[in-house]
Amino acid sequence: VSELANWSFQLKLVPLSAPYLKNASLLMAADCTAFAYPDFHSQLLPGKVCLIACPKLDDAEFYREKLTQIIRENGIRSIEVVYMEVPCCGGLVRLVQDAIAGSKGLVPLKLIKISIDGKIIDSRWA
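Overview of the structure. (Residues numbered from 1 in each chain as written. Predicted model: local features only at pLDDT ≥ 70, side-chain atom pairs only at ≥ 80, totals over all residues. Heavy atoms only, no water.)

**Considerations on the sheet that holds strand β1 (residues 25-30)**
Part 1 of the argument: Pairing is mixed in the open sheet, where 5 strands are placed in the order β2-β1-β3-β4-β5. Each end of this open sheet is capped by a strand with a single partner; those strands are β2 (49-53) and β5 (120-125). The mean angle between the axes of side-by-side strands here comes to 15°, regardless of whether they run parallel or antiparallel.
Part 2 of the argument: Here strand β4 (residues 109-114) pairs with β5 via 5 bridges, running antiparallel. Among the inter-strand pairings, Ile112 is bridged to a residue of β5, identified as Ser123.
Part 3 of the argument: Along the sheet face, helix α4 (residues 90-103) touches β1, β2, β3 (78-84) and β4 and points at about 160° away from the line of β3. (Pairing = 2+ DSSP bridges. Helix = DSSP H or I, 4+ residues; strand = E, 2+ residues; numbered from the N terminus. Axes fitted to C-alpha atoms, helices over the stretch in contact; angles between N-to-C directions. Contact = heavy atoms within 4.5 Å.)

**A few points about the pairing of β3**
Sheet faces and side chains relate simply in a regular strand, where the side chains alternate between the two faces.
Part 1 of the argument: With 7 of its 7 residues buried, β3 lies for the most part within the structure.
Part 2 of the argument: What you see with β3 is no split at all: Ser78, Glu80, Val82 and Met84 on one side and Ile79, Val81 and Tyr83 on the other are buried throughout.
Part 3 of the argument: Sheet analysis places β1 next to β3, joined by 5 bridges and oriented parallel. The residue bridging Leu27 from the neighbouring strand is Glu80, located in β3.
Part 4 of the argument: For β3 and β4, the ladder comprises 6 bridges, and the chain directions are parallel. (Buried < 20%, exposed > 50% of the residue type's maximum accessible area, 1.4 Å probe, protein only.)

What follows is the structure in structure tokens.
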């Protein structure tokens with residue numbers, strides 16, 4: 001069963017004032033994670049607003065600025081970053097950390113790393 005509660009979810013397409021962002025807990029996911037981790041919907045997504053991005057293929061600076069605004073303007077409660085163990089995905093973690101710092105907010109951040117064979121290999125609050 002799909003646990004996706006918002007449309008759109010591609011960060012580039014999400015309006016800054018989308019009603020589903022107000023006081024939301026975000027799941028910021030690298031594009032590949034939902035394909036690699038078979039329990040993405042059942043274990044990671046329930047109760048969260050999903051936003052996806054690729055730090056390697058997309059404009060990371062645009063995403064950093066947009067996410068900073070989303071955090072600042074919507075009272076985001078927490079962010080969980082789901083990313084792959086591959087080197088390019090580290091950019092997503094840095095992007096979210098920079099956006100939180102730029103928003104000057106106190107937003108709890110959880111990092112969840114997925115292996116290329118579809119397992120959670122690290123999960124911790126940062």
